[in-house]
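# Coordinates in review
Residue-level listing of the chains:
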Amino acid sequence: RVAGARFGKPLKLKDGSTELRYWNYSVVMNQNRKLAFFSAANIRPAEGRGKRDTGGFINDKRVTEVDRSGQIGEGFYGKQSTFESAGRALNPFDRGHLTRREDLQWGSTDAEAKRSGDDSFHFTNCAPQHYAFNQVKEINGLWNRLETMAVRDLTETPNLCIINGPVFNAPLSRVQEDQITGLQLNGPRTPDPVFGGVSIPRMYFKLIAWAEENKLRCRAFVVTQELLLANDERIREQEEARLTPEEIALYEVSVPALEKLTGLKFGLPKSATPILKQAESTENASLNGDERRI
């Protein structure tokens with residue numbers, strides 16, 4: 001479940017629910033960020049079978065029927081190749097699977113497994129990941145290495161539940177000599193940087209849970225692509241929306257002046273009305289017939 005609306009509200013579907021159900025996994029979308037809060041899957045590695053065969057990512061119609069722009073899709077990712085040796089000149093971001101296709105592609109028959117694997121290719125189940133964070137062929141490949149180890153090396157069980165998702169406005173990590181030296185999960189939240197009009201999550205999480213000897217076991221990981229984002233000049237930090245002192249001096253007015261301007265009476269006591277020398281000066285100049293315009 002999503003605790004509170006601090007980082008956005010869950011998208012409600014036409015039936016009033018927030019859970020998008022697929023074969024072998026589910027997603028809850030962040031209505032504000034157009035990305036998943038999380039993608040949760042039941043995984044049976046021993047039953048994995050079949051080869052990848054899909055036409056690529058598609059929009060989920062259940063999302064578009066309540067919010068036409070409710071999922072970040074092909075309009076953002078474009079048609080960049082899987083890897084360009086000369087660099088990702090136009091867009092460095094992959095359609096990064098949250099729950100990966102290989103983990104979902106299991107079932108009692110090849111056809112059933114293929115159906116479930118193909119079902120992973122919804123834009124609701126992906127998020128913008130820098131190609132060097134997402135792909136195994138890259139030196140970094142941090143997300144790819146984690147999702148592979150989660151199934152093969154981090155547990156010894158035939159059945160798993162894995163929950164994956166972005167961390168919105170994550171705290172910055174400790175960095176020394178261009179290397180991450182530690183996470184600061186309790187640090188101040190920092191607005192995610194922007195590329196192509198989309199806020200890009202710096203961090204992603206993975207929670208692995210399984211039953212062992214009648215007890216629930218779990219392991220949790222947070223991995224970051226923040227250095228890859230910081231080192232790309234095309235990706236901009238969000239500037240805090242603030243008025244300059246000059247703009248405050250120019251645009252702040254007294255409450256009586258606002259009431260006269262709008263014809264509204266706010267019913268504030270005189271004690272709540274600030275005495276603004278700059279505002280009084282501007283207002284008096286207007287009353288004295290000053291015709292200067294900004």
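Analysis parameters
- Residues numbered from 1 in each chain as written.
- Predicted model: local features only at pLDDT ≥ 70, side-chain atom pairs only at ≥ 80, totals over all residues.
- Heavy atoms only, no water.
- Helix = DSSP H or I, 4+ residues; strand = E, 2+ residues; numbered from the N terminus.
- Contact = heavy atoms within 4.5 Å.
- Areas by Shrake-Rupley, 256 points an atom, 1.4 Å probe, with all protein chains shown as cover.
- Pairing = 2+ DSSP bridges.
- Axes fitted to C-alpha atoms, helices over the stretch in contact; angles between N-to-C directions.
- Buried < 20%, exposed > 50% of the residue type's maximum accessible area, 1.4 Å probe, protein only.
- pLDDT = per-residue confidence, 0-100.
- Salt bridge = Lys/Arg side-chain N within 4 Å of Asp/Glu carboxyl O.
- Lys, Arg positive; Asp, Glu negative; His and termini not counted.
- Phe/Tyr/Trp six-rings, centres within 6.5 Å; stacked < 30°, edge-to-face > 60°.
- Lys NZ or Arg CZ within 6 Å of the ring centre and 35° of its normal.

### Considerations on the overall build of the protein
On a plain count of helices and strands, the protein comes out with ten helices and twelve strands. Contacts spanning at least 24 positions in sequence make up 64% of the contacts within the protein whose residues lie at least 6 apart. Carbon together with sulfur atoms contributes 51% to the accessible area of the protein, which is approximately 17,800 Å² in total.

### Side note on the sheet that holds strand β3 (residues 35-43)
The antiparallel open sheet is built from six strands, whose spatial order is β1-β2-β3-β6-β11-β12. Of all strands in the sheet, those bounded by a partner on one side alone are β1 (19-22) and β12 (215-224). The average angle at which neighbouring strand axes cross in this sheet is 15 degrees, direction not considered. Running at roughly 5 degrees to strand β11 (residues 203-212), helix α6 (residues 142-152) makes contact with β6 (160-167), β11 and β12 of the sheet.

### Observations regarding the pairing of strand β5 (residues 126-130)
Counting buried positions along β5 gives five out of five residues, so the element sits mostly inside the fold. The alternating pattern of β5 places C126, P128 and H130 and A127 and Q129 on opposite faces, both of which are buried. By the bridge criterion, five bridges tie strand β4 (residues 93-97) to β5 in an arrangement that is antiparallel. When the sheet's bridge partners are listed, R95 is paired in β5 with P128.

### A closer look at the pairing of β11
Relative to β11, β6 runs antiparallel, the two being bridged by seven bridges. Opposite I162, over in β11, you have I208 as the bridge partner. Inspection of the sheet shows β11 paired to β12 by ten bridges, in the antiparallel sense. In the strand pairing of β12, K206 is matched with F221. What sits between the antiparallel neighbours β11 and β12 is a turn of two residues, in which E213 has the positive phi angle 55 degrees.

### Points about the confidence of the model for the protein
Of the residues in the protein, 83% have a pLDDT of 70 or more, and the chain-wide mean is 83. Note that residues 81-86 has pLDDT below 50 and, in this model, ten contacts with residues that lie over four places away or in other chains. In the predicted structure, residues 285-294 sits below a pLDDT of 50 and forms three contacts with residues beyond four places in sequence or in another chain.

### Some remarks on the pattern of salt bridges
Following the criterion strictly, the structure yields eleven salt bridges and no others. The partner of R33 in a salt bridge is D192, with the nearest N and O atoms 2.8 Å apart. You can see R33 sitting in the loop between β2 (25-30) and β3 and its partner D192 sitting in the loop between β8 (179-182) and β9 (194-195), a full 159 residues away along the chain. As far as the burial class goes, R33 and D192 line up, both buried. Between E74 and R95 there is a salt bridge whose closest N-O contact spans 2.8 Å.

### Digging into the side chain of D119
Mapped onto the secondary structure, D119 falls in the loop between α4 (110-118) and β5. Buried charge without a partner: D119 forms no salt bridge, and the closest opposite charge is R62, 6.6 Å away. Every residue in contact with D119, bar those within four places of it in the chain, is listed here: Y22, W23 and Y25.

### With respect to unusual backbone geometry
Even without being glycine, K34 reaches a positive phi, approximately 65 degrees. Within the secondary structure, K34 is located in the loop between β2 and β3. The backbone of D178 shows a phi angle near 60 degrees, a positive value even though the residue is not glycine. Mapped onto the fold, D178 is located in the loop between β7 (174-176) and β8.

### A look at the packing of aromatic side chains
All told, the structure shown has twelve aromatic pairs when counted by the stated rule. Note that R62 overlies the ring of Y22, its terminal NZ or CZ placed 4.9 Å from the centroid. The positively charged end of R115 is found above the aromatic ring belonging to W23, 3.4 Å away from the centroid.

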